[in-house]
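# Observations on the model geometry
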Amino acid sequence: MRYAILADIHANLAAFTAVLEAIKREGGVEELWCLGDIVGYGPDPHECIELLRQYKHVCVAGNHDWAAIGKIDTSDFNPAAAAAAHWTTGQLTPQDVDYLSKLPLTIEKDDFTLAHGSPREPIWEYLLSVSSAGENFVHFNTKFCLVGHSHVPLIFKQTETSGCSFASFKAGDRLVLAENRLIINPGGVGQPRDGDPRASYAIYDSDNRVIQLYRIPYNIGVTQSRMMQHKLPLRLIVRLSYGM
Ligand code: ZN
């Protein structure tokens, strides 16, 4: 079976659609595994929720999903993110709010735990260092963990000595699952932050025990003009061009 691992769609319908089309071209998947932040930052929050719900999928809650429905306040957000979160709230239908409010913090699928930020602190914690990632291996029971939130594709590996090593995860890389426990981030669909503006996602092939990373170009200008139309913060519009 093949499963698509998607994180941080962030209401970017052009990016999400491009990813879904690429997945279909590659033969499709059994299920989408979504790591949260469906909404926030981007111009099409309702459309992205609706599109995701048309597919067989599971999804955990992200900080932007909770902010959009008032489950957390935006005082810890930067001003541009907070402005976009408030705008997002006004775009959601009652069905969208109901859907977002029921997203769990973590989900276990096969050998994987899914969480937005980290298994220890699913809503808020960023896993960008070997020290914080290393501490998180005791916070999940499965062999592997999938996270989003940082929008940076990467792999943390628990070493034989219970330490932690780090590797970047680049387009075309095929990660063969073996003995070591791993925490894997597939990068962001709708707002990549590793300097590559292309949408990032991964496919897990359970027969071959391989996770492959993909980068897909999409029409960034379409998303940017939609954001201009809705007067979303300029900083959020510009960063899409640079993947930062
Ligand atoms: Zn995010």
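Our subject is the structure that appears above.
Rules used in this analysis
- Residues numbered from 1 in each chain as written.
- Predicted model: local features only at pLDDT ≥ 70, side-chain atom pairs only at ≥ 80, totals over all residues.
- Heavy atoms only, no water.
- Helix = DSSP H or I, 4+ residues; strand = E, 2+ residues; numbered from the N terminus.
- Rg over C-alpha atoms; globule rule 2.2 N^0.38 Å.
- Contact = heavy atoms within 4.5 Å.
- Areas by Shrake-Rupley, 256 points an atom, 1.4 Å probe, with all protein chains shown as cover.
- Lys, Arg positive; Asp, Glu negative; His and termini not counted.
- Charge placed at Lys NZ, Arg CZ, Asp CG, Glu CD.
- Donors = N, O, S within 2.8 Å, 3.2 Å for Na, K, Ca; no water.
- Tetrahedral: all angles 85-135°; square planar, octahedral: opposite > 155°, others 65-115°.
- Buried < 20%, exposed > 50% of the residue type's maximum accessible area, 1.4 Å probe, protein only.
- Salt bridge = Lys/Arg side-chain N within 4 Å of Asp/Glu carboxyl O.
- Polar contact = N/O pair within 3.5 Å; in protein donor to acceptor, adjacent residues only side chain to side chain.
- Pairing = 2+ DSSP bridges.
- Axes fitted to C-alpha atoms, helices over the stretch in contact; angles between N-to-C directions.
- Left-handed = near helix turned anticlockwise from the far one by under 90°.
- Nonpolar A, V, L, I, M, F, W, Y, C, P; charged D, E, K, R; others polar.

In this section: the overall build of the protein chain. In terms of helices and strands, the protein chain carries eight helices and twelve strands. In terms of overall size, the protein chain behaves like a compact globule, its C-alpha atoms giving a radius of gyration of 17 Å where 244 residues would be expected to give roughly 18 Å. In terms of overall dimensions, the protein chain has C-alpha extents of about 50 × 40 × 30 Å along its principal axes. Look at the contacts in the protein chain between residues 6 or more apart in sequence, and 72% of them connect residues 24 or more apart. With the model as given, the accessible surface of the protein chain reaches about 10,100 Å², and the carbon-plus-sulfur share is 52%. Taking the average location of the 22 positive side-chain charges in the protein chain and that of its 27 negative ones, the two points are 3 Å from each other.

Metal coordination angles have textbook ideals: 109.5 degrees for a tetrahedral set of four donors and 90 or 180 degrees for an octahedral set of six. At 2.1 to 2.3 Å from the zinc ion lie its protein donor atoms, namely D8 (OD), H10 (NE2), D37 (OD) and H151 (NE2). One can describe the donor arrangement at the zinc ion as irregular, given that its four donor atoms subtend angles of 84 to 177° at the metal. Considered as a linear motif, the donors of the zinc ion on their single chain read D-x1-H-x26-D-x113-H. Residue D37 is located in the loop between β2 (31-34) and α2 (45-53), and its partner H151 is located in the loop between β6 (144-146) and β7 (154-158); the two are separated by 114 residues in the primary sequence. The pair formed by D37 and H151 is uniform in burial state, with each residue classed as buried.

Our focus in this paragraph is the side chain of D37. Among buried Asp, Glu, Lys and Arg side chains, D37 stands out as unpaired, with R193 the closest opposite charge at 6.6 Å. At 2.8 Å, the side chain of D37 forms a polar contact with the backbone nitrogen of H64. In contact with D37, not counting residues within four places along its chain, are D8, I9, H10, G62, N63, H64, D65 and H116.

Glancing now at the pairing of strand β8 (residues 164-168). Consecutive side chains along a regular strand alternate between the two faces of the sheet. For β7 and β8, the ladder comprises five bridges, and the chain directions are antiparallel. Looking across to β8, one finds that L154 is bridged to S168. In textbook terms, the turn of a hairpin is the stretch between consecutive antiparallel strands, and for β7 and β8 this stretch comprises five residues, one of which, S162, has a positive phi near 65°.

Moving on: the sheet that holds strand β11 (residues 199-205). Spatial strand order, β3-β2-β1-β11-β12-β9: six strands in an open sheet with mixed pairing. With one partner strand each, in any of the chains shown, β3 (57-59) and β9 (174-176) form the two edges of the open sheet. Averaged over all pairs of adjacent strands, the angle between their axes in this sheet comes to 20°, without regard to strand direction. Relative to strand β12 (residues 210-216), β11 runs antiparallel, the two sharing seven bridges. Counted as the bridge partner of I203 is Q212 from β12.

Before going further, it helps to spend a moment on the packing of α2 against helix α5 (residues 94-101). Close contact between α2 and α5 brings their axes to 10 Å; oriented N to C, the two are set at 65°. Of the two elements, α2 crosses α5, and the hand of that crossing is left-handed. Every residue of α5 that contacts α2 at H46, I49, L52 and R53 is listed here: Q95, D96, Y99 and L100. Taken together, the residues of the contact of α2 with α5 sort by class into four nonpolar, two polar and two charged.

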